[in-house]
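Spelled out from the first residue to the last, the chains are:
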Amino acid sequence: MIQPHSGLRAAFVALLMVLFMQPLLATAQVTDINSAINKAGRERMLSQRMAKAYFQLGQGIDTARSQRVLDASIALFDRQLVELKNYAPNAQTRETSLKLEKAWIAYKDVLVGAAPSRERAPEVLKLSDEVLGLAHQLTGQFEALSGTQAGRLVNISGRQRMLSQRMAKLHQALNWNLPAGTMREDLAAARKEFAAAMAELEAAPINTDKLKSDLKLASQQWFFFQNALDEKGQDTLTRATNVATTSERILEMMEAVVRGYEALH
C-alpha cells in the first residue's frame, strides 16, 4: 500500500485542525467593549434591513439581491447574537441578550416560515421594531460600560446604519400600501435624526484623517439616498429599486465609519 508523503499528511492534519477549530473561533469574535457596541448596534440595523428585504421580495423589487440580503442578514444576526451572549459581562447585558434572543426567534419564524406576503407584512413590521428596541437597549448597556468617547461614537455611527435601513424599510412598506399608521412621521423623524447625527460625527474632535474621508463619502451617499427617497418622477418600481440600491450603498459607507471608531480607544 502506498503511504502518503509525510509533508502532504502533515498539511492534511493541519487543515483538519483549522476546520475543527472554526466553530470555536466563531463564538469568540467579540474581543472588547467597542466590538460589543458595534455588533449589538449592527443587530439593530439588521432588524430593519431584513424587513426591508422582505418587503422588497414581496413586491418583486430587485429580487435576486433582496433574497441575498435577507439570507445573509439572518445568518449574520444569528452568529452575532451567539457572540454577544457569550461576551455579556454582567447580569444586565445577559438578561437583555436573552430577551433579544426570544424576540428574534419569533421574528425569524415569520421571515422564513413562508414566502413574503402582504398579509404577513404587518407582523414583520411589528416584530422588526421589537427586535430593534431590545438590540438598542443592549447597545446602550455596552456603551455605558465603555464610558469613552470612542464607545459613544461607535454607538452613534452604528445607529446611522440602522436609520439608513429603517428609512428604506418604511419607504418600501409605504410603497406596498401597508396601513400607514405613523410610518410617514417615523420616516421624516429618521431622516431628521440621521442628518443631525452626521453633523455630530463630522464635528467629532477625535476623527482621524481616514474617518474624515469616510464621513465625506458617507455624506455623498446620503445625498443620493435622499434623492431616491424623494423621487416622484419615476414609476413605482424604479423608485423602490433606487431606494433598495442606495440604501445598501450608504450602509456600506457607514460600516467603514463604524470600523474607524471601533479601532479608537
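Data block above holds the structure.
Residues numbered from 1 in each chain as written. Predicted model: local features only at pLDDT ≥ 70, side-chain atom pairs only at ≥ 80, totals over all residues. Heavy atoms only, no water.

Asker: Now, about the overall build of the protein chain: what can you tell me, with residues and values included?
Answerer: Check the secondary structure of the protein chain and you find 9 helices and 0 strands. Secondary structure elements of the protein chain, listed N to C terminal, follow the sequence α-α-α-α-α-α-α-α-α. Looking at the protein chain as a whole, 47% of its 265 residues qualify as buried. A fraction of 79% describes how many contacts in the protein chain between residues 6 or more apart in sequence connect residues 24 or more apart. Carbon and sulfur atoms form 58% of the exposed surface of the protein chain, whose accessible area is close to 12,800 Å². (Helix = DSSP H or I, 4+ residues; strand = E, 2+ residues; numbered from the N terminus. Buried < 20%, exposed > 50% of the residue type's maximum accessible area, 1.4 Å probe, protein only. Contact = heavy atoms within 4.5 Å. Areas by Shrake-Rupley, 256 points an atom, 1.4 Å probe, with all protein chains shown as cover.)

Asker: Tell me about the packing of aromatic side chains, and name the residues and values.
Answerer: Any two aromatic rings considered together are summarised by their centre-to-centre distance and by the angle between their planes. Throughout the structure, instances matching the rule amount to 8 aromatic pairs. Look at phenylalanine 223 and phenylalanine 224: their rings are 5.7 Å apart centre to centre, the planes differ by 70°, and that puts the pair in the edge-to-face class. Here the aromatic cluster, defined as three or more aromatic residues joined through ring pairs, consists of Tyr54, Phe55 and Trp176. (Phe/Tyr/Trp six-rings, centres within 6.5 Å; stacked < 30°, edge-to-face > 60°.)

Asker: A description of helix α6 (residues 149-175) should follow, citing residues and the corresponding values.
Answerer: Counted at 1.5 Å a residue, the expected span for α6 with its 27 residues is 39 Å, and the 39 Å between its end C-alpha atoms agrees. Counting buried residues in α6 gives 24 out of 27 residues, a clear majority hidden from the surface. Asparagine 177 lies just past α6 and shows a positive phi near 60°. (Expected span 1.5 Å × (residues − 1).)

Asker: So what's going on with unusual backbone geometry? Residues and values would help.
Answerer: Phi is positive for aspartate 62, close to 45°, though the residue is something other than glycine. Along the polypeptide, aspartate 62 turns up in the loop between α2 (33-59) and α3 (63-87). A relative accessible area of 24% means that aspartate 62 is categorised as partly exposed. Despite not being glycine, asparagine 177 shows a phi value in the positive range, around 60°. By the element assignment, asparagine 177 lies in the loop between α6 and α7 (183-202). Under the relative-accessibility criterion, asparagine 177 is labelled exposed at 58%.

Asker: For the nonpolar core, give the residues involved together with the corresponding values.
Answerer: Core analysis: the largest hydrophobic core is formed by 71 residues, its most contacted members being Met50, Phe55, Tyr107, Leu111, Met167 and Tyr261. When contributions to this core are tallied by element, the ones reaching two or more residues are α2, α3, α4 (91-112), α5 (121-146), α6, α7, α8 (209-230) and α9 (236-262). Excluding residues within four positions of it along the chain, tyrosine 107 makes contact with Ser47, Met50, Ala51, Val124, Leu127, Ser128 and Val131. (Core = buried A, V, L, I, M, F, W, Y, C linked by side-chain atoms within 4.5 Å.)

Asker: Lay out the environment of phenylalanine 224 with the relevant residues and their values.
Answerer: Looking at the secondary structure, you find phenylalanine 224 in helix α8. Taking the C-alpha atoms as reference points, phenylalanine 224 and arginine 249, separated by 25 residues in sequence, lie 9.4 Å from one another.

Asker: Describe the packing of α2 against α6, and please don't skip the residues or the numbers.
Answerer: The relative placement of two packed helices is expressed as an angle between their axes plus a distance between the axes. Where α2 meets α6, the axes come as close as 8 Å, and the angle between the chain directions of the two elements is 10°. With respect to their mutual orientation, α2 and α6 come out roughly parallel. Its residues placed into classes, the contact of α2 with α6 shows 9 nonpolar, 12 polar and 8 charged. (Axes fitted to C-alpha atoms, helices over the stretch in contact; angles between N-to-C directions. Parallel < 35°, antiparallel > 145°, perpendicular 65-115°, else oblique. Nonpolar A, V, L, I, M, F, W, Y, C, P; charged D, E, K, R; others polar.)

Asker: Go over the pattern of salt bridges with me, naming the residues and quoting the values.
Answerer: All told, the structure shown has 18 salt bridges when counted by the stated rule. Here arginine 65 makes a salt bridge to aspartate 62, at a shortest N to O gap of 2.8 Å. Residue classification places arginine 65 among the partly exposed positions, given a relative accessible area of 33%. Within this structure, Asp129, Arg166, Lys169 and Asp186 form a network of salt bridges that share partners. (Salt bridge = Lys/Arg side-chain N within 4 Å of Asp/Glu carboxyl O.)

Asker: Which residues make up the side chain of asparagine 155, and what values go with them?
Answerer: Turning to its location among the elements, asparagine 155 is positioned in helix α6. Judged by its relative accessible area of 9%, asparagine 155 falls in the buried class. Not counting chain neighbours up to four residues away, the residues in contact with asparagine 155 comprise Ile37, Arg44, Thr139, Gly140 and Glu143.

Asker: Break down the packing of α2 against α4 for me, citing the residues and quoting the values.
Answerer: Closest axis-to-axis distance for the α2/α4 pair is 11 Å, and the angle between their directions is 15°. On the basis of their axis angle, the class for α2 and α4 is roughly parallel. Two packed elements cross with a definite hand, and for α2 against α4 that hand is left-handed. Residues Ser47, Met50, Ala51 and Tyr54 of α2 pack against Trp104, Tyr107, Val110 and Leu111 of α4. Residues belonging to the contact of α2 with α4 are distributed by class as follows: 7 nonpolar, 1 polar and no charged. (Left-handed = near helix turned anticlockwise from the far one by under 90°.)

Asker: Give me α7: which residues, what numbers.
Answerer: Spanning 20 residues, α7 covers 28 Å between terminal C-alpha atoms, matching the ideal 28 Å at 1.5 Å per step. Every buried residue of α7 is accounted for by Met183, Leu187, Ala190, Arg191, Phe194, Ala197, Met198 and Leu201. Down the axis of α7, the buried set is contained in an arc of 140°. They therefore lie on one face. Exposed side chains of α7 directed beyond 90 degrees from the buried face belong to Arg184, Glu185 and Lys192. Check the buried side of α7 and you find it contacts α5, α6, α8 and α9. (Arc of directions from axis to C-beta.)

Nothing here speaks to function; it is all geometry.
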